[in-house]
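Here's the letter readout for the chains.
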Amino acid sequence: MSTLPTVLITGASSGIGATYAQRFARRGHDLILVARDKARLEALATRLREESGVAVEVLPADLSKTSDLANVEKRLSSDARIGVLINNAGIGQSGGFADQNAESIEALIALNMTAVTRLAAAIAPRLAKAGEGAIVNIGSVVGLAPELNMTVYGATKAYVLFLSQGLQLELGPQGVYVQAVLPAATRTDIWKHSGIDVDTLPEVMEVDDLVDAALIGYDRREPITIPPLHVARRWDELDSARRLLLSDIRQAHPAERYQTAS
Ligand code: NAP
C-alpha cells in the first residue's frame with residue numbers, strides 16, 4: 001500500500017480519466033477507478049498494477065443513478081486513505097437544443113452537474129477537517145463559449161467552473177486544493193458518443209498532452225488550468241472584467257437607464 005493519498009477517478013474507463021489513472025499510478029498513488037464498464041476498468045486496473053505496482057480497486061457505478069452515486073459518496077466520505085478526487089466523468093451532447101428531449105437533458109445534468117457536485121460534497125468535509133487533499137473538476141472551454149451551439153453541455157461546464165471557483169474560496173483557506181481543468185477538443189471517445197467524427201475537427205489535442213499539461217497546473221496548484229489557452233493573461237483579463245462589473249452592481253435602486261421607460 002502506498003503512503004501517498006489514494007486517488008479516486010470517475011470516468012476512469014477511457015479517455016481523460018484513464019490517462020489520469022495511468023499518470024497517478026506512475027506517481028505511485030493507489031487508485032480507485034469508477035465508471036460503468038466493469039470489464040474496461042478491470043483491464044486498466046490489471047495493466048496499472050503490473051506496470052506501476054500500485055493497488056488499484058475497481059468500483060463500477062453509473063453515476064447518473066442515485067443508488068450507485070450514493071455508494072461512491074459513502075466511500076469518499078468514509079475512506080480516510082482517499083485524498084484526491086478527480087471528478088472527470090461526463091458526457092457530451094448530440095445535436096442542438098431543439099434536438100434535446102427530457103431524457104437527454106436529464107442524463108447530461110445528472111452526470112455533468114449533480115454527480116460532480118455530490119461527489120465533491122461527499123469528500124469535502126473530510127478533506128477540510130484533515131486540512132489537506134485535492135478536488136479536480138473537469139470542465140470545458142465550451143462553458144465559456146455559448147457560440148459553439150452545445151448549449152446544455154456548455155451550461156453544465158459553466159456550472160463546473162463556477163462550482164470550482166466557489167469551492168476554491170470556501171475550501172482553499174481550509175487547506176483543500178480545488179482545480180478546474182478546461183480542455184478544448186481532445187481526442188477521446190466522447191466525440192464518437194456525441195455522433196461527431198473527431199477527425200473532422202480542425203484541431204484536436206492528444207489526450208496524453210492534455211492530461212500532462214493539466215498535471216503541470218495541478219503541481220503548481222493553479223486554480224484554473226486551461227491547457228489550450230496560449231495567452232495566459234486572457235484569463236486574468238476576463239476575471240478582472242468580472243470583478244469590475246461586480247464593483248458597479250449597486251442593489252438599492254435600478255440603474256439610471258431603467259428609471260424611465262422609452
Ligand atoms: P470519454 O472517453 O467518453 O470518457 C468519459 C468517461 O465517463 C468514461 O470513462 C465513461 O465510462 C464515464 N461515464 C460516462 N457515463 C457515465 C455514468 N453514467 N456513470 C459513470 N461514468 C460514466 O470522454 P472524455 O473526453 O475522456 O471525457 C472526460 C471529461 O472531459 C468529461 O467531463 C468531458 O466533458 C470533459 N471534456 C472532454 C473534452 C474532449 O474533447 N474530449 C473536452 C472538454 C471537456 P463508462 O462508459 O464505462 O461509464
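Here, the structure is the one placed above.
Residues numbered from 1 in each chain as written. Predicted model: local features only at pLDDT ≥ 70, side-chain atom pairs only at ≥ 80, totals over all residues. Heavy atoms only, no water.

**Q** Kindly report on the site of the ligand, identifying the contributing residues and their values.
**A** Near the ligand lie 32 residues; those nearest to it are S14, R36, Y153, T186 and T188. In the environment of the ligand, an oxygen atom lies 2.8 Å from a nitrogen or oxygen atom belonging to the backbone of I16. K157 places a polar side-chain atom, nitrogen or oxygen, 2.9 Å from an oxygen atom of the ligand. Burial of the ligand by the surrounding chains reaches 94%, relative to a free accessible area of 880 Å². For the shell around the ligand, the secondary structure elements donating two or more residues are α1 (15-26), α5 (151-171) and α6 (190-193). Looking at which element gives the most residues to the shell around the ligand, the answer is α6, with 3 residues. (Near = heavy atom within 4 Å. Polar contact = N/O pair within 3.5 Å; in protein donor to acceptor, adjacent residues only side chain to side chain. Areas by Shrake-Rupley, 256 points an atom, 1.4 Å probe, with all protein chains shown as cover. Helix = DSSP H or I, 4+ residues; strand = E, 2+ residues; numbered from the N terminus.)

**Q** How would you explain the packing of α1 against helix α2 (residues 38-52) if you had to name every residue and give the values?
**A** Closest axis-to-axis distance for the α1/α2 pair is 10 Å, and the angle between their directions is 25 degrees. Classified by the angle between their axes, α1 and α2 sit roughly parallel to one another. For the element pair α1 and α2, the recorded crossing hand is right-handed. Taken together, the residues of α2 that come into contact with α1 (itself represented by A18, A21, Q22, A25 and R26) are L44, R47, L48, E51 and S52. (Axes fitted to C-alpha atoms, helices over the stretch in contact; angles between N-to-C directions. Parallel < 35°, antiparallel > 145°, perpendicular 65-115°, else oblique. Left-handed = near helix turned anticlockwise from the far one by under 90°. Contact = heavy atoms within 4.5 Å.)

**Q** I'd like a rundown of unusual backbone geometry, residues and numbers included.
**A** The backbone phi angle of N149 is positive, close to 60 degrees, even though this residue is not glycine. Residue position: N149 is located in the loop between β5 (134-138) and α5. Judged by its relative accessible area of 58%, N149 falls in the exposed class. One non-glycine residue, R221, adopts positive backbone phi at about 60 degrees. Along the polypeptide, R221 turns up in the loop between α7 (207-219) and β7 (224-225). (Buried < 20%, exposed > 50% of the residue type's maximum accessible area, 1.4 Å probe, protein only.)

**Q** Any chance you could break down the packing of aromatic side chains for me, citing the residues and the numbers?
**A** Inspection of the entire model under this criterion finds 3 aromatic pairs. Pairing Y20 with F24 gives two aromatic rings, centres 6.2 Å apart and planes at 15 degrees, and the pair type is stacked. Highlighted residues: Y20 and F24, both in helix α1, separated by 4 residues, approximately one helical turn. Here Y20 and F24 have matching classes, each one buried. An aromatic cluster of three or more residues is present, and its members are Y20, F24, Y177 and Y218. When the ring centre of F24 is taken as reference, the NZ or CZ atom of R27 above it lies at 6.0 Å. Sitting above the plane of the Y218 ring, R221 keeps its charged end 4.7 Å from the centroid. (Phe/Tyr/Trp six-rings, centres within 6.5 Å; stacked < 30°, edge-to-face > 60°. Lys NZ or Arg CZ within 6 Å of the ring centre and 35° of its normal.)

**Q** Residues and numbers for the pattern of salt bridges, please.
**A** Under the criterion given, the structure shown has 18 salt bridges. A salt bridge links D208 to R23; its shortest N-O distance comes to 3.1 Å. Taken together, the residues D208 in helix α7 and R23 in helix α1 connect sequence positions 185 residues apart. Classification of R23 as buried rests on a relative accessible area of 9%. Of the charged contacts, one joins E206 and R187 as a salt bridge, the two residues approaching to 3.1 Å between their closest N and O atoms. One end of the pair, E206, is in the loop between α6 and α7; the other, R187, is in the loop between β6 (177-181) and α6, and 19 residues separate them in sequence. (Salt bridge = Lys/Arg side-chain N within 4 Å of Asp/Glu carboxyl O.)

**Q** Before we move on, can you summarise the packing of helix α4 (residues 102-130) against α5 with the specific residues and values?
**A** In the contact formed by α4 and α5, the axes pass within 9 Å of each other and the chain directions differ by 15 degrees. On the basis of the axis angle, α4 is roughly parallel to α5. Two packed elements cross with a definite hand, and for α4 against α5 that hand is right-handed. Judged by residue contacts, L108, I109, N112, M113, V116, T117, A120 and A124 of α4 engage V152, Y153, T156, K157, Y159, V160, L163, L167 and L171 from α5.

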